Amino acid sequence: MTDTPVSPAAGLATPLTFAYWVPNVSGGLVISEIEQRTSWDFDYNRTLARIAEDAGFEYALTQTRYAASYGAASQHEATSFSLALLGATERLKVIAAVHPGMWHPGVLAKYIITADHLSGGRAAVNIVSGWLTQEFTGFGLPWLEHDERYVRTEEFIDALRGLWTQAGYSQEGEYYSIEDFTLSPQPVEVPGRAHPEIFFGGNSTAAQAVAGRTADWYFSNGRTLEDFSDNIAGVLAAAESGQRRAAAAPRFGLNGFVIARDTHAEAVETLREIVGKAHRPAVDGFASAVREAGAATADGKGMWADSSFEDLVQYNDGFKTGLIGTPDEIAERIVEYKKIGVNLFLTGYLHFQEEVEHFGREIIPRVRALEADLARAHGVELQAGLQPAAAIV
Ligand SMILES: Cc1cc2nc3c(=O)[nH]c(=O)nc-3n(C[C@H](O)[C@H](O)[C@H](O)COP(=O)(O)O)c2cc1C
């Protein structure tokens, strides 16, 4: 293992959590003509979800996309697809991505409470502030300036949390006002969570500030170790600012595109093939559209702001995290990120069903062994974490 210093924010006794991107949009997770044995249809996804929960994955994240764009010609809607996946599984928690500005928070709060009851407390949301201008303008909705989108997002999350935890909830906002409203039933009571978990996706300075004040989980696009340390520091600074409204500081989830092969050379060759077969006009179009995100901010920092052509072939910058190599190399890399404070890995693959199963069989047990060594070296014991079903006897 290399010598990344262990951050005081790293929870060494708590096992890492694993999630995967639900492929509910066509075209897979890379904008490339390379073969992807992944389908966006429901039958494929139902089987995948069952494979994932048996493989030791705790969460699945369903994307929200309304308009054909950059390799994703067709898409299934996130909240309904998530609900169907919850119905098809027993333990998996399914996170539906939603845009403030598309939903009223009260309607979403009610929807998620019902999904939570139908699934025994396994519903969650990922609040995303949007980048695809045309989805808003095409629906006749206002497209707000970058940081203003986060003002709306913050009010949206406040409303969700308020409606999920309080009777007679009221708030007065610029975007959302709620007057003396009680949702009944309330969400399912689940030990360890105050309400359905609120994930939050975004990288910019404004995103970090809002996540720090309001989110249960901060989700990031793929980042290098150094860059993600900066994000963690930014979010924790906001969480410590005295305006924190959720019970505990956010935990940290990081996207990574996994290319696990028997040899390092094979994995690197696969990456080369993905990028070599990139759908160039689609990647260039995407690069242009996402200037609405991080690059549109006053300080020019944020998601996709410094991404190269190669990075954008995986449209959530998943190559930057470097989960590319043998199972041993990937497990070691994952634990390096744990040292800086990452709690969860959000993973994508070329061939989802077979590679999610392989990740559970070959990588999670290696990660658990390394985590146990790391914890022991710091005088703590690793608690039991989710194991692939095959490892539980
Ligand atoms: C993990 C993660 C998942 C995301 N999922 C979606 C999504 O499903 N739909 C979408 O329109 N945007 C999604 N986004 C992008 C956000 O909407 C937003 O454009 C981006 O986070 C802006 O970043 P910024 O704050 O750096 O400008 C996601 C972002 C992250 C980090």
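Analysis parameters
Residues numbered from 1 in each chain as written. Predicted model: local features only at pLDDT ≥ 70, side-chain atom pairs only at ≥ 80, totals over all residues. Helix = DSSP H or I, 4+ residues; strand = E, 2+ residues; numbered from the N terminus. Rg over C-alpha atoms; globule rule 2.2 N^0.38 Å. Buried ≥ 20, exposed ≤ 12 C-beta atoms within 10 Å, placed from the backbone. Contact = placed C-beta atoms within 7 Å. Axes fitted to C-alpha atoms, helices over the stretch in contact; angles between N-to-C directions. Parallel < 35°, antiparallel > 145°, perpendicular 65-115°, else oblique. Left-handed = near helix turned anticlockwise from the far one by under 90°. Nonpolar A, V, L, I, M, F, W, Y, C, P; charged D, E, K, R; others polar. Pairing = 2+ DSSP bridges.

A. Geometry of the overall build of the protein chain. If you tally the helices and strands in the protein chain, you get 12 helices and 12 strands. For a compact globule of 393 residues, the expected C-alpha radius of gyration is about 21 Å, and the protein chain comes in at 20 Å, within 12% of that figure. Taken along the three principal axes of its C-alpha coordinates, the protein chain extends 60 × 50 × 45 Å. Across the 393 residues of the protein chain, 50% fall into the buried class. Long-range pairs, those at least 24 residues apart, make up 77% of the contacts in the protein chain with a sequence separation of at least 6.

B. Region of the structure containing the packing of helix α2 (residues 78-88) against helix α3 (residues 105-118). Where α2 meets α3, the closest approach of the two axes is 10 Å, and the angle between their N-to-C directions is 15°. Taken together, α2 and α3 sit at an angle that is classed as roughly parallel. For the element pair α2 and α3, the recorded crossing hand is right-handed. Within the contact between the two elements, α2 uses T79, L83, L86 and G87 and α3 uses Y111, A115 and L118. Its residues placed into classes, the contact of α2 with α3 shows 5 nonpolar, 2 polar and no charged.

C. Structural view of unusual backbone geometry. Backbone torsion omega between S184 and P185 reads 5°, so that peptide bond is classified as cis. Among the structural elements, P185 can be located in the loop between β6 (178-181) and β7 (197-201). If you check the backbone angles, D180 has positive phi at about 45° while not being a glycine. Taking the number of C-beta atoms within 10 Å as the measure of exposure, D180 has 8 and is therefore exposed. Phi is positive for D317, close to 55°, though the residue is something other than glycine. Here D317 lies in the loop between α10 (309-313) and β11 (324-325).

D. The arrangement of the environment of A52 in detail. Tracing the backbone shows A52 in helix α1 (residues 42-55). By C-beta crowding, A52 is classed as buried, having 29 other C-beta atoms within 10 Å. Along the backbone, A52 and G130 are 78 residues apart, and their C-alpha atoms lie at a distance of 28 Å. If we ignore the near neighbours within four places in the chain, the residues touching A52 are Y20, F57, A60, L92 and V356.

E. Representation of the packing of helix α6 (residues 205-214) against helix α7 (residues 225-239). Put simply, α6 and α7 touch, their axes get as near as 7 Å, and they point 50° apart. Put simply, α6 runs oblique to α7. Both α6 and α7 take part in a crossing whose hand is right-handed. Contacts from T205, Q208, A209, A211, G212 and R213 in α6 reach N231, G234, V235, L236, A237, A238 and A239 in α7. Looking at the contact of α6 with α7 residue by residue, the class counts come to 7 nonpolar, 5 polar and 1 charged.

F. Inspection of the sheet that holds strand β12 (residues 344-348) at higher detail. With parallel pairing, the 8 strands of this closed barrel are ordered in space as β1-β2-β3-β4-β7-β8-β9-β12. Taken over all neighbouring pairs, the strand axes of this sheet differ in orientation by 25° on average, direction set aside. With 5 bridges connecting them, strand β3 (residues 93-98) and strand β4 (residues 123-128) associate as parallel partners. Note on β4: the bridge partner recorded for V94 is A123.

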